[in-house]
Amino acid sequence: MPYAPHFPVMLRTDDGVRLNAAHTPSTRTDLGIVMAHGFTGSWRDRTARRIVHVLSGYGGVIAFDFRGHGRSGGETTVGDLEILDLDAAVRHARVAGYTKLAVVGFSMGAAVAVRHAGLRGGVDAVVAVSGPARWYYRGTKPMRQVHWAIERPFGRLAARVVKRTRIARGEWDPIPMPPHEAAALISPTPLLIVHGDQDAFFPLDHAHQLYDGAREPKELWVEPGYGHAETAAPPELIRRIGKWISSNLS
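Everything numeric here is computed off the predicted structure, so don't read it as measured data.

Basis of the calculations
- Residue positions within a chain follow its written sequence, with the count starting from 1.
- Only residues with pLDDT of at least 70 get local features here, since the model is predicted, and only at 80 or more are side-chain atom pairs given and counted; chain-wide, interface and lining totals rely on the full set of residues.
- To get the side-chain values, take all heavy atoms of the structure and skip hydrogens and water.
- Helix axes use the C-alpha atoms of the stretch in contact, all axes being lines fitted to C-alpha atoms, and the angles between their N-to-C directions lie in the range 0 to 180 degrees.
- Counting from the N terminus, the helices are DSSP H or I runs at least four residues long and the strands are E runs at least two residues long.
- In what follows, roughly perpendicular refers to angles from 65 to 115 degrees, roughly parallel to angles under 35, roughly antiparallel to angles over 145, and oblique to any angle outside these ranges.
- The hand of a helix crossing depends on one turn: near helix anticlockwise from the far one by less than a right angle means left-handed, and clockwise means right-handed.
- We call two residues in contact whenever any of their non-hydrogen atoms come within 4.5 Å of each other.
- Only Asp, Glu, Lys and Arg are considered charged, only Ala, Val, Leu, Ile, Met, Phe, Trp, Tyr, Cys and Pro nonpolar, and every remaining residue, Gly among them, polar.
- Using a grid of 1 Å spacing that covers the protein atoms alone, one calls a set of points a cavity when a 1.4 Å probe fits there but cannot get out, and a pocket when the set is open and has protein on both sides within 12 Å along at least five of seven lines; lining residues are those with an atom within 4 Å of a point.
- Grid points are joined across faces, edges and corners, and a volume is the space filled by probe spheres set on the points.
- Two strands are said to pair when DSSP picks up at least two bridges between them.
- Throughout, nonpolar core names a set of buried Ala, Val, Leu, Ile, Met, Phe, Trp, Tyr and Cys residues whose side chains join them through atoms within 4.5 Å.
- A 1.4 Å probe rolled over the protein chains alone gives each residue an accessible area, and that area as a share of the maximum for its type sets the label: buried under 20%, exposed over 50%, partly exposed in between.

A. Local environment of the packing of helix H1 (residues 46-55) against helix H9 (residues 235-248). Running from N to C, H1 and H9 point in directions that differ by 40 degrees, and their axes come no closer than 9 Å. Considering the angle they form, H1 stands oblique to H9. Relative to H9, H1 is oriented so that their crossing is right-handed. In contact with Arg-50, Ile-51, Val-54 and Leu-55 of H1, H9 contributes Pro-235, Ile-238, Arg-239 and Gly-242. When its residues are assigned to classes, the contact of H1 with H9 shows 5 nonpolar, 1 polar and 2 charged.

If you want it as structure tokens, here you go:
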């Protein structure tokens, strides 16, 4: 399918990391949407570009690669310093002229979106898709594989070679605030939590923990048959998310 035209953008974070990004304008010029991808993802992935294309029907889209991913610099901290990356994208969207701004995050990007909105603010709506509520979850086979990639030297090498994802060594110090605690700080900004009942990475209790931790206004969509994050998201779900953003930021 032909995708909406985009324009290259280079972002710089507060700690000096250069991020590769793209701006996809829309016919609606007041509303901006920042898309935050999942772990090992990229805005250049076909699934991400498809999502950007759909969202651009509702507002201009800023999509970027987190640090350590794709063509961005630095190394990923898997949800900690990434709030600086999202903040750089949000600042760029404001400079571009968007007066209303939503963030849509997937998986790791959902955790970052929730933490950014709670700890830094500056956005008008937040959508967290397939996101974890807490750290160090190993209850599913895919998450045990993720932890192997993060914690083992060979795992980090495999992630670099296969996924072009550079992972920082060492443990978090201090441990960052978990998403379910940051969710309590988002109000009065509207929060939408979207989770599939077939998510192989994070079971539904993560979505409920996020929802329970948040204050109004908040919504929880449990999607029958939906798996995990960008790769499983059908266009109709993305359109519904776009409509939710538009209705909240009309």
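Having seen the model, we can carry on.
B. Region of interest: the layout of surface pockets. Each pocket or cavity is described by its volume, and for the largest pocket that value is around 1200 Å³. If you trace the largest pocket, you find 48 residues lining it, with Phe-39, Thr-40, Val-78, Val-146 and Ile-150 closest to the centre. Of all the secondary structure elements, the ones that give two or more residues to the lining of the largest pocket are H1, helix H3 (108-119), helix H4 (141-151), helix H5 (153-163) and helix H8 (229-232). Element by element, the count of residues in the lining of the largest pocket is highest for H4, at 9 residues. Of the residues belonging to the lining of the largest pocket, the class tally is 24 nonpolar, 16 polar and 8 charged.

C. Expanded view of empty space enclosed by the protein. Under the definition given, this model contains 1 cavity of 30 Å³ or more. Within this model, the largest cavity holds a volume of roughly 90 Å³. Taken together, Tyr-3, Ala-4, His-6, Ala-22, Thr-24, Trp-43, Arg-49, Val-52, His-53, Ser-56 and Ala-63 make up the full set of residues lining the largest cavity. For the lining of the largest cavity, the secondary structure elements donating two or more residues are strand S2 (18-24) and H1. Of the residues assigned to the lining of the largest cavity, the class counts are 6 nonpolar, 4 polar and 1 charged.

D. Spatial organisation of the sheet that holds strand S6 (residues 125-129). If you walk across this open sheet you meet the 8 strands as S1-S2-S4-S3-S5-S6-S7-S8, and the pairing is mixed. In this open sheet, the two strands that pair with only one neighbour each are strand S1 (7-12) and strand S8 (218-223). Within the sheet, the average angular offset between the axes of one strand and its neighbour, ignoring direction, is 20 degrees.

E. Structural detail: the nonpolar core. Formed by 45 residues in total, the largest nonpolar core has its most connected members in Leu-11, Val-34, Phe-64, Leu-86, Val-90, Val-103 and Val-126. If near-sequence neighbours (up to four positions away) are discounted, Leu-86 is found in contact with Val-34, Phe-64, Val-103, Val-112, Ala-113 and His-116. Counting 31 residues, the second largest nonpolar core, distinct from the first, contains Ala-48, Leu-55, Val-104 and Phe-106.

F. View of unusual backbone geometry. A cis amide bond links Asp-173 to the next residue, Pro-174, at an omega of 5 degrees. With respect to the helices and strands, the residue Pro-174 is situated in the loop between H5 and helix H6 (179-182). For the peptide bond that leads from Glu-216 to Pro-217, omega is 0 degrees, which places it in the cis range. Tracing the chain through its elements places Pro-217 in the loop between helix H7 (204-213) and S8. The phi angle at Val-78 is positive, at roughly 55 degrees, despite the residue not being glycine. Within the element layout of this structure, Val-78 appears in the loop between strand S4 (60-64) and helix H2 (82-95). On the basis of relative accessibility, which here comes to 19%, the residue Val-78 falls in the buried class. A positive phi angle, close to 60 degrees, is found at Ala-229, a residue other than glycine.

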